[in-house]
Amino acid sequence: MEKRDGRVVARDNDLRLLRALHRFGWLRTRDLAALVWQRWAAKPHAGRPSLQPPTFTPSGLRMAQRTLRRLRQGRLVLQARGPDGSLTFSLAEGGARLLQAHGVKAVTGKDLMRSFSTSHFRHRCISNEVAIGAIVEGFRVATEREISRGLWLGGEQGIAGKRPDVFIRGASAWWIEVERSRKNSKDYSALQRFLTAAVRDAFQTSGSILLGGEIQWGKVMFVCRPTFKVKLCRDLRAKGWTDKTIETFISFETLLYEFKDINFS
C-alpha cells in the first residue's frame, strides 16, 4: 500500500483535532488522544453504552501533544490550565476560521477558557469522557457543549423541559446525567418530574412521543456517587415507582469515575 504524504497526514490530523474541539468546546490532551488517535467501531453500536472511560495509547498521546504544539504555534488553538492543573485546549479564532472554510459553523472557544469553577470543570471532564467513550464504541453522540447550544434532538427547549449532560443514540436513546454534587431542591424536583414524564413515554405501546419518530428509550443512566443513587431510588419509591420500574428504566454507575479533583494533563 502506498504511503501517504506526511504533510497530508498532518493536515488531516489538524482538522480532526479542530473538529473535536468544535464539538466539545474544550478538551484535555488525553481526551484528544483517545478521540482522534484511536480506531472507532466500524459499525453503529446496537447495544447499550458501557460508560467506560476512554483509553489512549502512548503513541496517540505523543501525536496529540505534537499536533497541539503545531496548532498553538499557528495560533489555531488556545491553551489554559484547569483548576486541577491539567492543560485544556479550545479553538482560537484562526482555528474557527479554518473550520469555517471547510463548511463547519465553528466559533472560537476563548470565552470558555477564561475561568473554570472546580465543580463545573470536573463535571465537564466526566461528561466529555462518557461522550468520547461512546463515540469510540460506535454510538451517535451529542456532547454537553452541543446540547448547551441546542444542537441535538431536543433543541434549546430540551425534552420534557430538561436537557441531559450527554445524549447517546444507537438502536435506542440513552440519556446520561452526571451528578457530581448534591442538587438543589428546585433542580432535584425538576429531575423527578422529567423522570416521571420520560418513564410514562417509554412504556407507551404506541412508541415514544417525546423522542419522536422511531426512536425508542433505552435508559436514563446516572454517573453518580452511591449516596445519590440511594436518595433518588428512595424518593422515586415514595412517588409510587416500583423497584422493577426503576431497574428497567434507570441505571447507576457509581464506580467508573472519580468525582474528586484529579490532575489529568
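Report follows, based on the coordinates.

Definitions and limits used
- Residues numbered from 1 in each chain as written.
- Predicted model: local features only at pLDDT ≥ 70, side-chain atom pairs only at ≥ 80, totals over all residues.
- Heavy atoms only, no water.
- Core = buried A, V, L, I, M, F, W, Y, C linked by side-chain atoms within 4.5 Å.
- Buried < 20%, exposed > 50% of the residue type's maximum accessible area, 1.4 Å probe, protein only.
- Helix = DSSP H or I, 4+ residues; strand = E, 2+ residues; numbered from the N terminus.
- Contact = heavy atoms within 4.5 Å.
- Pairing = 2+ DSSP bridges.
- Axes fitted to C-alpha atoms, helices over the stretch in contact; angles between N-to-C directions.
- Disulfide = S-S within 2.5 Å.

Description of the nonpolar core
Now for step 1: In terms of nonpolar packing, the biggest core is built from 43 residues, with Val130, Ile168, Ile176 and Val223 touching the most fellow members.
Now for step 2: The element best represented in this core is helix H5 (residues 118–137), accounting for seven residues.
Now for step 3: The residues contacting Val130, other than those within four sequence positions of it, are Leu51, Val166, Ile168, Ile176, Val223 and Tyr257.
Now for step 4: Listed in part, the 29 residues of the second largest apolar core include Ile147, Ile159, Leu191 and Val199.

Some details on the sheet that holds strand E7 (residues 217–224)
Now for step 1: Strands sit in the order E4-E5-E6-E7-E8 across an open sheet of five strands; the sheet is mixed. Each end of this open sheet is capped by a strand with a single partner; those strands are strand E4 (140–142) and strand E8 (250–253). Between one strand axis and the next, the sheet turns by 20° as a mean value, whatever way the strands run.
Now for step 2: For strand E5 (residues 166–169) and strand E6 (residues 173–179), the ladder comprises four bridges, and the chain directions are antiparallel. Paired with Arg169 across the two strands is Ala173, which belongs to E6.
Now for step 3: Along the sheet, H5 makes contact with E4, E5, E6 and E7, crossing E5 at roughly 10°.
Now for step 4: The strands touched by helix H7 (residues 185–202) are E6, E7 and E8; relative to E7, the strand with the most contacts, the crossing angle is about 155°.

Things to note about the state of the cysteines
Every disulfide links exactly two cysteines, by a covalent bond between their sulfur atoms.
Now for step 1: Following the criterion strictly, the structure yields zero disulfides and no others.
Now for step 2: Of all cysteine sulfurs, the one in Cys224 lies closest to Cys125, which takes part in no disulfide; the gap is 18 Å.
Now for step 3: Free of any disulfide, Cys224 has its nearest neighbouring cysteine sulfur in Cys233, separated by 8.7 Å.
Now for step 4: On the accessibility criterion, Cys224 (0% relative accessible area) is buried.

Observations concerning the environment of Glu214
Now for step 1: Mapped onto the elements, Glu214 comes out in the loop between H7 and E7.
Now for step 2: Given a relative accessible area of 76%, Glu214 falls into the exposed group.
Now for step 3: In the structure, Glu214 is positioned 60 residues away from Gly154 in sequence and 15 Å away in space, judged by C-alpha atoms.

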